Amino acid sequence: MAPLVRLAGVGKTFDTGVTALSGLDLTIDEGEFLSLLGPSGCGKTTALRIIAGLDAPTEGAIETTARTAGEGGLSFVFQDPTLMPWATVADNVWLPLRLAGVSRRDAAARIQAELARVGVADFAKALPHELSGGMRMRVAIARALITRPRLLLMDEPFAALDEITRFRLNDDLRGLWRETGCTVVFVTHSVYESVYLSTRLAVMTRRPGRILHEFSVDLPAERNEALRRDQFYLDLCAQASAALARAQGEGVR
Amino acid sequence: MRRPAHRLATVLLPVGVLALTGLFWEALVRHYAIPPYKLPAPTRIAQALAEDAPLLFGALAVTLRLTVAGFAAALVGGVVLAILLTRSRWAALAFSPYAVILQVTPLVAIAPILVIYAGPTATIYLSVFIVAFFPVLAGAMAGLRSADPQLADLFALGRASPWRRLLLLELPSAVPFILAGVRTAGGLSLIGAIVAEFVAGSGGSDAGLAYRIVEASYRLNVPRLFAAVALICAAGLVLYAAVALSCAALLRRWQPDRRG
Ligand SMILES: Nc1ncnc2c1ncn2[C@@H]1O[C@H](COP(=O)(O)OP(=O)(O)OP(=O)(O)O)[C@@H](O)[C@H]1O
Ligand SMILES: [Mg+2]
């Protein structure tokens, strides 16, 4: 089966002269949960934006079949919830369907189902500023899921949250991924988070970023709090940390 | 426990001081027997206001009608022009000299020119429009450009048409900026009307308040002069409060996130 996304020798130099990516090769297969791990400023966000088509590479090529608009296409979750402050939670979640031409009435049941799935069903009529940070992120995830995306791109979605909320959202996200069967590319700073969530890890070098090391995470599909103390899990985390430490030193070529 | 008392004081203190000032004024005028044509007492001003009510309130209605009409036109015009100018960088550039010229030139200097071509009534209307237009335009321009770039990315991912982007993203994002402009414009529009009336106001049935002020001052009808000024002052307060309250009501939806 052809991969969902294939990046070949992708480079990105901004107008400012900053080279964020150089020689990035990455293949993303249908159905996997891939974490992108890398030092701050190594071009992770840039890579996601290129996959989404929000930025064009200045070098190399990208092939993907996931970039259809509307349903079954691609969704993006940013580091901040990025909700429209003037719109209710339900209207925020409606947005991607609205842009795809689905009326509010036709979308109503799906909006409610999506809010229930991420656990904020009671807040459909609330405004974003009335929610906590974790709840806002849940709404952002509901908005991303409502189009039933084939590819879900997430840029450090939980970085600003406290650890307990983050752990809970980690479990919920794993559940959602298994339930929907979509492909996830998840950017994070946290080694523990990436190993806990993923089926595969890709570690990037510091800027200009490229893939330094990839390894698959052979943990059981069923993951829970107990795993966080599991020796094999901790070994994988140590491996990933070592790769990340090497990545900090790489890149100056 | 301190809160309600504090809130009461915020009302009572300024009102009390205002009342005391009035009493002092009244007492001063009576004690020294100052004639009304030099300084009318508050009661004398109130009397003038009552006696000249048809004349003064009629004039106030004329002024307010032009103020509100000019203000409303400026609101619509400012937002519409801002939408047009933010569609293209070249359009904004081409228009920029007019914006600067009209803004740095005092209205009193433009009004006599307007009278020649537009006549007195239209001059007042246009003057209100000119002073109220720029705060709204500037606010709307800044606001339309203030949309969260990540939200804009979401619209791009959804392949939103420019029209939907304007309606669902740019205009809602601009609302707080537009309202800030509207508040400024509200205060300026009555000033604009009064200034224009001083220059262009005409007598007769469509005489505005400023015209009555000039008239009363020529005739040395000092109590009426004071009454007219008090009326303008009250009208300005009401206008300001109306605009501020409706802006605050609209803005409740636009509260930013508490954090992040
Ligand atoms: N639009 C832009 N214009 C110019 N330079 C940019 C732009 N976007 C990113 N950069 C630069 O590219 C580099 C990589 O940025 P990017 O945001 O992709 O890194 P990141 O890995 O996501 O960092 P972080 O972990 O801090 O989120 C940085 O040096 C950044 O300053
Ligand atoms: Mg980033």
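Residues numbered from 1 in each chain as written. Chains lettered and ligands numbered in written order. Predicted model: local features only at pLDDT ≥ 70, side-chain atom pairs only at ≥ 80, totals over all residues. Heavy atoms only, no water.

Caption draft 1: Expanded view of the overall build of chain B. Scanning chain B from terminus to terminus reveals 9 helices and 0 strands. Secondary structure elements of chain B occur, N-terminal to C-terminal, as α-α-α-α-α-α-α-α-α. On C-alpha atoms alone, chain B measures out to a radius of gyration of 23 Å, which is more than a quarter above the 18 Å that the 2.2 N^0.38 rule sets for 260 residues. Projected onto the principal axes, the alpha-carbon positions of chain B cover approximately 80 × 65 × 30 Å. (Helix = DSSP H or I, 4+ residues; strand = E, 2+ residues; numbered from the N terminus. Rg over C-alpha atoms; globule rule 2.2 N^0.38 Å.)

Caption draft 2: Representation of a nonpolar patch on the surface. Residues F24(B), L28(B) and Y32(B) make up a contiguous nonpolar surface patch of roughly 350 Å² in combined accessible area. Along the chain, the position of F24(B) falls in helix α1 (residues 2-31). (Patch = residues over 30% accessible without salt bridge, like charges linked within 9 Å, V, L, I, M, F, W, Y side chains within 5 Å. Areas by Shrake-Rupley, 256 points an atom, 1.4 Å probe, with all protein chains shown as cover. Salt bridge = Lys/Arg side-chain N within 4 Å of Asp/Glu carboxyl O.)

Caption draft 3: Just the UniProt feature "transmembrane region" (unreviewed entry) in chain B, in detail. All names here are of chain B. Residues annotated by UniProt as "transmembrane region" (unreviewed entry) correspond here to residues 12-33, 53-86, 98-118, 124-144 and 225-251. As a span, residues 12-33 carries 91% helix and 0% strand, and end to end its C-alpha atoms are 31 Å apart. Helix makes up 100% of residues 225-251 and strand 0%, whereas the separation of the span's terminal C-alpha atoms amounts to 39 Å. (UniProt positions renumbered as here; feature names shortened; annotations may be inferred.)

Caption draft 4: Quick peek at the UniProt feature "domain: ABC transporter" (unreviewed entry) in chain A. Mapped onto the present numbering, the UniProt feature "domain: ABC transporter" (unreviewed entry) falls on residues 5-231 of chain A. With 32% helix and 25% strand, the stretch residues 5-231 of chain A has end C-alpha atoms that lie 33 Å from each other.

Caption draft 5: Geometry of the UniProt feature "domain: ABC transmembrane type-1" (unreviewed entry) in chain B. Residues annotated in UniProt with the feature "domain: ABC transmembrane type-1" (unreviewed entry) correspond here to residues 60-244 of chain B. Note that residues 60-244 of chain B is 88% helix and 0% strand, and that its end C-alpha atoms are spaced 21 Å apart.

Caption draft 6: Representation of unusual backbone geometry. All names here are of chain A. Backbone torsion omega between R207 and P208 reads -5°, so that peptide bond is classified as cis. Relative to the helices and strands, P208 resides in the loop between β8 (200-204) and β9 (211-216). A positive phi is found at T82, a non-glycine position, where the angle reads about 50°. With respect to the helices and strands, the residue T82 is situated in the loop between β5 (74-77) and α2 (89-99).

Caption draft 7: Expanded view of the site of ligand 1. Residue and element names in this part refer to chain A. In the vicinity of ligand 1, 14 residues are found, and the nearest of them are S40, G41, K44, T45 and T46. In the environment of ligand 1, an oxygen atom lies 3.1 Å from a nitrogen or oxygen atom belonging to the backbone of C42. Within the contact set of ligand 1, an oxygen atom lies 3.2 Å away from a side-chain nitrogen or oxygen of H189. Taking 630 Å² as the accessible area of ligand 1 by itself, protein coverage stands at 64%. (Near = heavy atom within 4 Å. Polar contact = N/O pair within 3.5 Å; in protein donor to acceptor, adjacent residues only side chain to side chain.)

Caption draft 8: Representation of the environment of F76(A) in the model. For F76(A), the location among the structural elements is in strand β5. Between the C-alpha atom of F76(A) and that of A247(A), which follows or precedes it by 171 residues, the distance is 26 Å.

Caption draft 9: Examining the domain arrangement of chain B more closely. Residue and element names in this part refer to chain B. Here chain B is described as being made up of domain 1 (1-33) and domain 2 (38-254). One C-alpha centre belongs to domain 1, the other to domain 2, and the line joining them spans 32 Å. At the interface, 5 residues of domain 1 touch 7 residues of domain 2. For the pairing of domain 1 and domain 2, the buried interface totals around 480 Å² over both sides, and the portion due to carbon and sulfur atoms is 71%. In terms of surface lost to domain 2, no three residues of domain 1 exceed W25, E26 and V29, which account for 86% of the buried area on that side. Where domain 1 meets domain 2, there are 0 salt bridges. Linking domain 1 with domain 2 are 2 residue pairs in polar contact (both at pLDDT 80 or more). Of the residues in the side of domain 1 that touches domain 2, the class split is 2 nonpolar, 1 polar and 2 charged. (Domains from an automatic or database assignment. Contact = heavy atoms within 4.5 Å. Buried area = accessible area lost by both parts, 1.4 Å probe. Nonpolar A, V, L, I, M, F, W, Y, C, P; charged D, E, K, R; others polar.)

Caption draft 10: Region of interest: the packing of helix α2 (residues 42-51) of chain B against helix α3 (residues 53-87) of chain B. Residues and elements named next belong to chain B. With their axes 5 Å apart at the nearest point, α2 and α3 run at an angle of 80° to one another. The angle between the axes of α2 and α3 places the two elements in the roughly perpendicular class. Note on element contacts: α3 touches α2 through A53, P54 and L56, opposite A48, L49, A50 and E51. When its residues are assigned to classes, the contact of α2 with α3 shows 6 nonpolar, no polar and 1 charged. (Axes fitted to C-alpha atoms, helices over the stretch in contact; angles between N-to-C directions. Parallel < 35°, antiparallel > 145°, perpendicular 65-115°, else oblique.)

Caption draft 11: Highlighting the sheet that holds β9(A). All names here are of chain A. Strand order in the open sheet formed by 6 strands is β5-β6-β7-β3-β8-β9, and the pairing between neighbours is mixed. Of all the strands in the sheet, just β5 and β9 have a single pairing partner and so form its edges. Strand-to-strand twist in this sheet, taken as the mean axis angle between neighbours without regard to direction, amounts to 15°. Pairing between strand β6 (residues 151-155) and strand β7 (residues 183-188): 5 bridges, direction parallel. Bridge pairing links L153 to V185 in β7. This element, helix α4 (residues 133-145), spans β5 and β6 of the sheet and lies at about 170° to β5. Taken strand by strand, helix α7 (residues 231-249) contacts β3 (33-37), β8 and β9, and its axis lies near 170° from that of β9. (Pairing = 2+ DSSP bridges.)

Caption draft 12: Quick peek at the interface of chain B and chain A. In this assembly, 25 residues from chain B lie in contact with 32 residues from chain A. For the pair chain B and chain A, the summed buried area comes to about 2400 Å², and 58% of that belongs to carbon and sulfur atoms. At the boundary of chain B with chain A, the tally comes to 1 salt bridge. Secondary structure elements with two or more residues in the side of chain B that touches chain A: α6 (149-157) and α7 (162-200) of chain B. It is α6(B) that provides the largest number of residues to the side of chain B that touches chain A, a total of 7 residues. A per-class count over the side of chain B that touches chain A returns 11 nonpolar, 5 polar and 9 charged.

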